[in-house]
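Results of the structural survey
Listed here are the chains, written in short residue letters.
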Amino acid sequence: MATDYDAPRKTEEDISEDSLEELKARRSDKSSGVVDEDEIEAAEGFELPGADLSGEELAVRVIPRQADEFTCTSCFLVHHRSQLVTQKNGQQICSECA
Ligand SMILES: [Zn+2]
């Protein structure tokens, strides 16, 4: 609640007037307890696409390994093939974890 109010003021001073009016309106609604549902909906609307994007970015960042590299199943770091140690159970770990 307090953070909602502060964030736009810090980062977007140019539109602070609009934001303030909006927030004031929401604030007065909040005192009646009506705005809670709207806030939850808004939060969900922001979180869902945000989570998807961050997930994709994360996957892209973690997975791209070169053909001569592998991901250690123990420390989950990407190592060069020269450090690859394949265990009897088929798991590929790095020489540091072996
Ligand atoms: Zn390792």
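Above this text you will find the structure in question.
Okay, so let's go over this structure. Since the structure is predicted, the reported quantities are computational estimates derived from the model, not experimental observations.

Okay, the overall build of the protein next. Per the secondary structure count, the protein includes 3 helices and 4 strands. Listing the helices and strands of the protein from first to last along the sequence gives α-α-α-β-β-β-β. For the protein, buried positions account for 11% of its 98 residues. Put simply, of all contacts in the protein between residues at least 6 apart along the chain, 6% involve residues at least 24 apart. Summed over all atoms, the accessible surface of the protein reaches about 8,000 Å², with 52% contributed by carbon and sulfur.

Bringing the coordination of the zinc ion into the picture now. Every protein donor of the zinc ion is listed here as Cys72 (SG), Cys75 (SG), Cys94 (SG) and Cys97 (SG), and their distances to the metal cover 2.3 Å. In this structure, the zinc ion is coordinated by 4 donor atoms arranged in tetrahedral fashion, with angles at the metal of 100 to 120°. Look at where the donors of the zinc ion fall in the sequence and you get C-x2-C-x18-C-x2-C. Here Cys72, found in the loop between β1 (69-71) and β2 (78-80), pairs with Cys94, found in strand β4 (residues 92-94); they are 22 residues apart in sequence, far enough to count as distant. Of the two residues, Cys72 and Cys94, both sit in the buried class.

Conventions we followed
Residues numbered from 1 in each chain as written. Predicted model: local features only at pLDDT ≥ 70, side-chain atom pairs only at ≥ 80, totals over all residues. Heavy atoms only, no water. Helix = DSSP H or I, 4+ residues; strand = E, 2+ residues; numbered from the N terminus. Buried < 20%, exposed > 50% of the residue type's maximum accessible area, 1.4 Å probe, protein only. Contact = heavy atoms within 4.5 Å. Areas by Shrake-Rupley, 256 points an atom, 1.4 Å probe, with all protein chains shown as cover. Donors = N, O, S within 2.8 Å, 3.2 Å for Na, K, Ca; no water. Tetrahedral: all angles 85-135°; square planar, octahedral: opposite > 155°, others 65-115°.

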